[in-house]
Amino acid sequence: MSDTRGLLIVLSGPSGVGKGTVRAAIFKNNIYNYVYSVSATTRQMRPGEVDGVDYYFTSREEFEELIEEDALLEHAEYVGNYYGTPIRAIEDNLSKGHDVFLEIEVQGAMKVRERMPDGIFIFLAPPNLNELESRITGRGTDNQEIIYERMQKAREEIDMMKHYDYVVVNDEVDCAVNKVNGIIQSEHLKVSRVVDQIKLQIHNYFQKGE
Ligand SMILES: Nc1ncnc2c1ncn2[C@@H]1O[C@H](COP(=O)(O)OP(=O)(O)OP(=O)(O)O)[C@@H](O)[C@H]1O
Ligand SMILES: Nc1nc2c(ncn2[C@@H]2O[C@H](COP(=O)(O)O)[C@@H](O)[C@H]2O)c(=O)[nH]1
């Protein structure tokens, strides 16, 4: 077990805002060695996606077993499919001192906030709703009906922004990446976190001498 517990980072926001794009750019270099939390989902795999890397693709029955076994930190039903965050890898990595990065939708983020209030909750916002719609449409993964549902949902999700710690407007990917990294690194420097680490080190030092 490391002296310093890692930080739980939750990047969330409406569908199509660019969470996956920003997360991929952060993990391309991964200069801060974040660990990505791979979610489970019942949705169909998209071309180019890899099981166990992008998601753990499961059947509805398998997903319901995960819920029964309490294996998920949170789960949500989103546009007809289940999505959920496996808890075990999160606990293992945080206790080893790794920062764990979750990219999830808003309902799930609010459940994580209840269970792990020490997490850092970052809302990725679109520059405007027309741009959001053209990003969802331009991605070419959803039909008109799903795009409509995702836009309806976006309205409610943007209203939840007030429950987050930070908001980053994803106008330009590199700029959003720098802001997200800046938030996380600043969180590491918070006096409250440093004080806890120093107290723990002092405690460990004097325990060794006893
Ligand atoms: N800053 C940006 N400027 C222009 N286009 C962007 C930007 N960020 C992302 N995009 C584009 O917007 C589309 C949606 O991005 P992405 O799939 O990353 O969104 P998402 O929030 O992860 O969506 P979902 O929640 O549905 O998985 C993609 O085609 C992506 O290339
Ligand atoms: N509550 C959760 N939401 C999740 C999780 N993993 C991904 N997501 C979010 O679902 C939507 C749709 O994703 P897509 O891949 O079908 O476009 C998106 O907002 C993801 O961020 C999770 O474990 N829990």
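Residues numbered from 1 in each chain as written. Chains lettered and ligands numbered in written order. Predicted model: local features only at pLDDT ≥ 70, side-chain atom pairs only at ≥ 80, totals over all residues. Heavy atoms only, no water.

**Q** I'd like a description of the pattern of salt bridges, backed by residues and values.
**A** This structure, assessed with the given rule, holds eleven salt bridges. One continuous salt-bridge network, built from bridges that share partners, spans R139, D142 and R150. (Salt bridge = Lys/Arg side-chain N within 4 Å of Asp/Glu carboxyl O.)

**Q** Which residues make up the packing of aromatic side chains, and what values go with them?
**A** This structure, assessed with the given rule, holds eleven aromatic pairs. Geometrically, the ring pair formed by F27 and Y36 is edge-to-face, given 5.7 Å between the ring centres and 70° between the ring planes. Its relative accessible area of 22% is what places F27 among the partly exposed residues. Each ring, one from F63 and one from Y82, has its centre 4.7 Å from the other, and the planes form 10°; the classification is stacked. (Phe/Tyr/Trp six-rings, centres within 6.5 Å; stacked < 30°, edge-to-face > 60°. Buried < 20%, exposed > 50% of the residue type's maximum accessible area, 1.4 Å probe, protein only.)

**Q** Summarise the site of ligand 1; cite the residues concerned and give the values.
**A** Taken together, 16 residues surround ligand 1, and among them S15, K19, G20, T21 and R139 come closest. One nitrogen or oxygen atom from the main chain of G16 is found 2.9 Å from an oxygen atom belonging to ligand 1. Within the side chain of R139, a nitrogen or oxygen atom sits 2.9 Å from an oxygen atom of ligand 1. The fraction of the free accessible surface of ligand 1 (640 Å²) that becomes covered by protein chains is 74%. (Near = heavy atom within 4 Å. Polar contact = N/O pair within 3.5 Å; in protein donor to acceptor, adjacent residues only side chain to side chain. Areas by Shrake-Rupley, 256 points an atom, 1.4 Å probe, with all protein chains shown as cover.)

**Q** So what about the site of ligand 2? Which residues, and what values?
**A** The environment of ligand 2 is formed by 16 residues, the closest being S39, R43, Y55, Y83 and E105. In the model, an oxygen atom of ligand 2 is placed 2.5 Å from a nitrogen or oxygen of the Y83 side chain. Considered on its own, ligand 2 offers 510 Å² of accessible surface; in the complex 95% of this is hidden by protein. A majority-of-atoms criterion places ligand 2 in the largest pocket. Sorting the residues of the shell around ligand 2 by element identifies β5 (72-78), β6 (81-86) and β7 (100-104) as the ones contributing at least two each. Taken together, the residues of the shell around ligand 2 sort by class into five nonpolar, four polar and seven charged. (1 Å grid on protein atoms, 1.4 Å probe; cavity = no way out; pocket = protein on both sides within 12 Å on 5 of 7 lines; lining within 4 Å. Sits in = over half its atoms within 2 Å of the grid points. Helix = DSSP H or I, 4+ residues; strand = E, 2+ residues; numbered from the N terminus. Nonpolar A, V, L, I, M, F, W, Y, C, P; charged D, E, K, R; others polar.)

**Q** Residues and numbers for the sheet that holds strand β1 (residues 8-12), please.
**A** What links the strands of a sheet is backbone hydrogen bonding, and the strands pair in either a parallel or an antiparallel sense. Read across the open sheet, the five strands follow the order β2-β7-β1-β8-β9; overall the sheet is parallel. The open sheet has two edge strands with one neighbour each: β2 (35-36) and β9 (166-169). Relative to β7, β2 runs parallel, the two being bridged by two bridges. Across the sheet, the residue bridging to V35 is V100, located in β7. Relative to the sheet, helix α1 (residues 19-29) contacts β1, β2, β7 and β8 (120-125), its axis offset from that of β7 by approximately 160°. On top of the sheet, helix α7 (residues 173-188) reaches β1, β7, β8 and β9; it is set at about 160° to β9, its chief contact. (Pairing = 2+ DSSP bridges. Contact = heavy atoms within 4.5 Å. Axes fitted to C-alpha atoms, helices over the stretch in contact; angles between N-to-C directions.)

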